Amino acid sequence: MEEQPLQQILDRTVFETLFKEHFKELVFFAQRYVKDFDTSREVVQSAFVTLWEKRETLDPTRNVKAYLASVIHNRCLNHLRDHKKFNANLLSLEGLSGSIAQTSDDLIAKETELIIQQAIDELPEKCREIFLLNRFEYMKYQEIADHLGISVKTVETQMSKALQHMRVRLADIIGILALMAMWNAN
Amino acid sequence: MDPNNTYYNDLIVKYFSGEANEQEMAELNLWLEESPENLKLFTDYRKSWEVLEQLSVYRKLDVNDEWKVFEKTIKGAEADSTITSPLQVEYRASRTKKLVVRFAAIAAILLMLCVSGVIIYRYAATTETITLVATTGNSEGLLPDGSHVTLAPGSSLAYPEKFTKEARIVKFQGEGFFEVSRHPDQPFFIEAGDNVRIEVLGTSFYVNTCNSDSMVEVILTTGKLAVYRKDQPDQKTILAPGEKVIISDKQPRVEKSVNTDVNYMAWKSGKLVFEETPLKEVVRLLNKVYRTDVILEQPEIGNCLITATFENQSADAVLHVIEETLSLTITRNEKQVKISGTGCNE
């Protein structure tokens with residue numbers, strides 16, 4: 001182990017805990033804006049780098065998560081503008097533009113995960129395959145089309161069918177989650 | 001579904017997948033403004049999408065890998081002493097699952113409980129001393145020589161900012177697991193409790209000063225250790241891996257034995273192994289590892305035997321197995337869990 005100033009080592013231990021605690025939630029947060037997994041990861045990584053670089057100048061009692069969220073919010077919006085994927089109205093319908101959106105509470109409990117898994121298993125085979133490749137392997141439509149030897153249009157249609165099915169099957173959970181969110185807020 | 005609407009269904013999904021271009025997004029926007037039903041469809045889909053997305057994001061991410069990427073980035077930035085553009089972060093295609101080994105002794109590190117409370121504070125002295133205290137959960141510390149320590153809640157470790165050339169000396173109280181890096185010219189000493197010293201060359205081991213009677217228990221995992229009373233340094237007990245020593249102020253002799261408690265690392269590993277273990281011992285361990293308050297209503301049932309292995313299970317899961325296996329009843333109130341029954345159902 002190289003010689004490092006002890007202050008740095010201590011900071012790093014605490015920082016590591018923070019990092020591992022918030023990372024997933026923040027990627028999920030970024031993903032809502034940029035809708036691309038690798039970009040979400042990059043943005044969150046860069047936000048943590050900024051936090052690290054500024055760690056001595058920031059107020060230690062400040063809410064770290066809120067700070068990171070605001071950095072991520074701004075960088076995501078910039079990213080969308082740079083890539084010509086910025087539509088202010090749609091973002092606002094998703095609750096994402098203007099002031100900083102809140103990070104979400106945990107939507108997934110063990111029970112809901114089972115229901116989701118079941119719903120996915122119910123999809124017709126090809127449809128499920130396409131859905132999993134896009135939603136869990138994060139392949140783009142064109143990549144999926146190339147991989148399976150089908151047209152992009154087919155991918156679009158199958159994705160649409162998949163989400164229709166998920167919407168119906170998840171309707172119950174979503175109702176319960178909304179209730180829970182209300183209870184927690186009170 | 002109305003055939004006309006599949007076009008917009010497709011478009012909505014395309015948008016959520018990040019596949020829609022500017023033109024398609026504008027089109028979608030117009031359609032959403034046409035009627036509240038359209039907007040409702042969009043919002044419903046959004047909710048389902050979000051639930052799925054959280055699941056997939058959480059599954060796909062490995063925070064340990066991400067931490068390594070992060071470390072590499074800041075190391076690079078520090079070496080260059082220029083601030084690299086945030087979006088130049090590189091991702092490795094390969095994934096290393098094993099922790100990089102820097103010590104002579106090897107131990108996999110698994111943090112067990114939920115959020116750990118860590119207090120690190122410095123107080124002025126001729127050489128700065130740093131004290132690491134674990135409050136609500138296990139906490140880990142990295143010492144200036146690269147040694148690693150995991151502390152159970154309520155434990156503390158004091159060490160100097162910089163070790164002296166001759167020796168590395170730390171003070172420890174509580175329960176912890178040490179992985180000491182090998183420096184043959186710089187022996188490592190732990191002052192455990194009031195009067196016990198542990199001399200280490202490079203090994204991994206468990207120390208517990210927590211029991212009453214100013215007693216210290218040391219169990220060696222790998223390597224070699226010498227344990228002795230501070231005022232009797234010529235009477236050293238040397239431990240080999242798997243051996244345990246207990247030094248107590250109440251007895252002049254030192255107890256050395258082979259460690260038979262397979263669960264001595266349970267507080268750190270989250271793994272509990274019971275083989276024909278009496279229930280009262282199971283409950284004791286449960287309370288220690290999970291910080292629960294489980295009691296037995298009838299003391300006799302404490303003698304019921306259980307054989308089971310639990311790895312990273314919740315306290316409830318363990319209790320459930322006990323309930324089923326021994327046909328006992330579990331009642332819970334405010335903070336306590338009571339186990340009751342009439343026999344062992346063998």
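Rules used throughout
- One numbering rule holds for all chains: residues counted from 1, following each sequence as written.
- Chain A is the first chain written and ligand 1 is the first ligand written, with later ones labelled in order.
- Only residues with pLDDT of at least 70 get local features here, since the model is predicted, and only at 80 or more are side-chain atom pairs given and counted; chain-wide, interface and lining totals rely on the full set of residues.
- The way it works is that DSSP assigns letters per residue, a run of H or I at least four long becomes a helix, a run of E at least two long becomes a strand, and they are numbered from the N terminus.
- What a helix should span is 1.5 Å times the count of its residues minus one.
- Note on pairing: DSSP must find at least two bridges between two strands before they are called paired.
- For helices, the fitted axis covers only the stretch in contact; all axes are lines through C-alpha atoms, and the angles between them, taken along N-to-C directions, range from 0 to 180 degrees.
- By the convention adopted here, residues make contact when the C-beta atoms placed from their backbones lie within 7 Å.
- Under the grouping applied here, Gly and all other residues not named as nonpolar or charged are polar, the nonpolar ones being Ala, Val, Leu, Ile, Met, Phe, Trp, Tyr, Cys and Pro and the charged ones Asp, Glu, Lys and Arg.
- Once C-beta atoms are placed from the backbone, each residue is buried if 20 or more other C-beta atoms lie within 10 Å of its own, exposed if 12 or fewer, and partly exposed for counts between those two.
- Any nonpolar core is a set of buried residues, restricted to Ala, Val, Leu, Ile, Met, Phe, Trp, Tyr and Cys, that join up through C-beta atoms within 7 Å.
- How far each domain reaches was decided by an automatic or database domain assignment.

Chemist: Can you tell me about helix 3 (residues 64-82) of chain A, naming the residues and giving the values?
Modeler: Under the 1.5 Å per step criterion, the end-to-end length of helix 3 of chain A is 27 Å for 19 residues, consistent within 8% with the ideal 27 Å. Note on helix 3 of chain A: the residue one or two positions beyond its end, Lys84 of chain A, has a positive phi of about 55°.

Chemist: Residue-level account of the sheet that holds strand 14 (residues 243-248) of chain B, with values.
Modeler: Residue and element names in this part refer to chain B. As summarised here, the arrangement of the seven strands in space is 3-4-7-10-11-14-15, forming an open sheet in which the pairing is antiparallel. If you trace the sheet from one side to the other, it starts and ends with strand 3 (139-142) and strand 15 (254-258), each paired once. Adjacent strand axes in the sheet meet at a mean angle of 15° when their direction is disregarded. Note: strand 4 (residues 148-151) against strand 7 (residues 175-179), four bridges, orientation antiparallel. Bridging from a neighbouring strand, Val149 pairs with Phe178 of strand 7.

Chemist: An account of the sheet that holds strand 17 (residues 294-296) of chain B is needed here, citing residue identities and associated values.
Modeler: Think of a sheet as strands paired side by side through backbone hydrogen bonds, with each pair either parallel or antiparallel. All names here are of chain B. Taken together, the three strands give an open sheet; going across it, the order is 17-20-19, and neighbouring strands pair in mixed fashion. Both outer strands of the open sheet, strand 17 and strand 19 (329-332), are each paired with one neighbouring strand and no more. The sheet shows a mean angle of 25° between the axes of neighbouring strands, taken without regard to direction. As defined by bridge partners, strand 17 adjoins strand 20 (residues 337-340) across three bridges and the pair is classed as parallel. Bridging across to strand 20, Val294 finds its partner in Val337.

Chemist: So what's going on with the interface of chain B and chain A? Residues and values would help.
Modeler: Many authors give the size of an interface as the accessible area that is lost as the parts come together. With 55 residues of chain B in contact, the opposing surface of chain A contributes 52 residues. The set of elements that each furnish at least two residues to the side of chain B that touches chain A consists of helix 1 (3-16), helix 2 (22-34), helix 3 (36-60), helix 4 (63-80), strand 1 (118-123) and strand 3 of chain B. Of the residues forming the side of chain B that touches chain A, the biggest block, 18 residues, is contributed by helix 3 of chain B. Looking at side-chain class alone, the side of chain B that touches chain A contains 29 nonpolar, eleven polar and 15 charged residues.

Chemist: Can you break down unusual backbone geometry residue by residue, with the values?
Modeler: In this model, Tyr138 of chain A sits at a positive phi of 55°, which is unusual for a non-glycine residue. Judged by C-beta crowding, with 18 C-beta atoms within 10 Å, Tyr138 of chain A ranks as partly exposed. Its identity is not glycine, yet Ser327 of chain B carries a phi of approximately 50°, on the positive side.

Chemist: Break down the nonpolar core for me, citing the residues and quoting the values.
Modeler: Residue and element names in this part refer to chain B. By size, the foremost hydrophobic cluster in this structure holds 51 residues, and its most contacted members are Ile198, Phe205, Val207, Val218, Leu225 and Val227. Here this core takes six residues from helix 6 (residues 279-290), the largest share from any one element. Two domains each provide a minimum of three residues to this core, namely domain 2 (118-258) and domain 3 (270-340). In this structure Ile198 touches Phe189, Ile190, Ala192, Val207, Val218, Leu225 and Val227, once residues within four positions along its chain are discounted.

Chemist: Give a description of the pairing of strand 11 (residues 215-222) of chain B that names residues and reports values.
Modeler: All names here are of chain B. Of all eight residues making up strand 11, six are buried, and the element is well covered by its neighbours. Summarising the sheet, strand 10 (residues 204-208) and strand 11 pair through five bridges and their orientation is antiparallel. In the sheet register, Phe205 faces strand 11, and the bridge partner there is Leu220. As paired elements, strand 11 and strand 14 share five bridges and run antiparallel to each other. Within the sheet, the bridge partner assigned to Ile219 lies in strand 14 and is Lys244.

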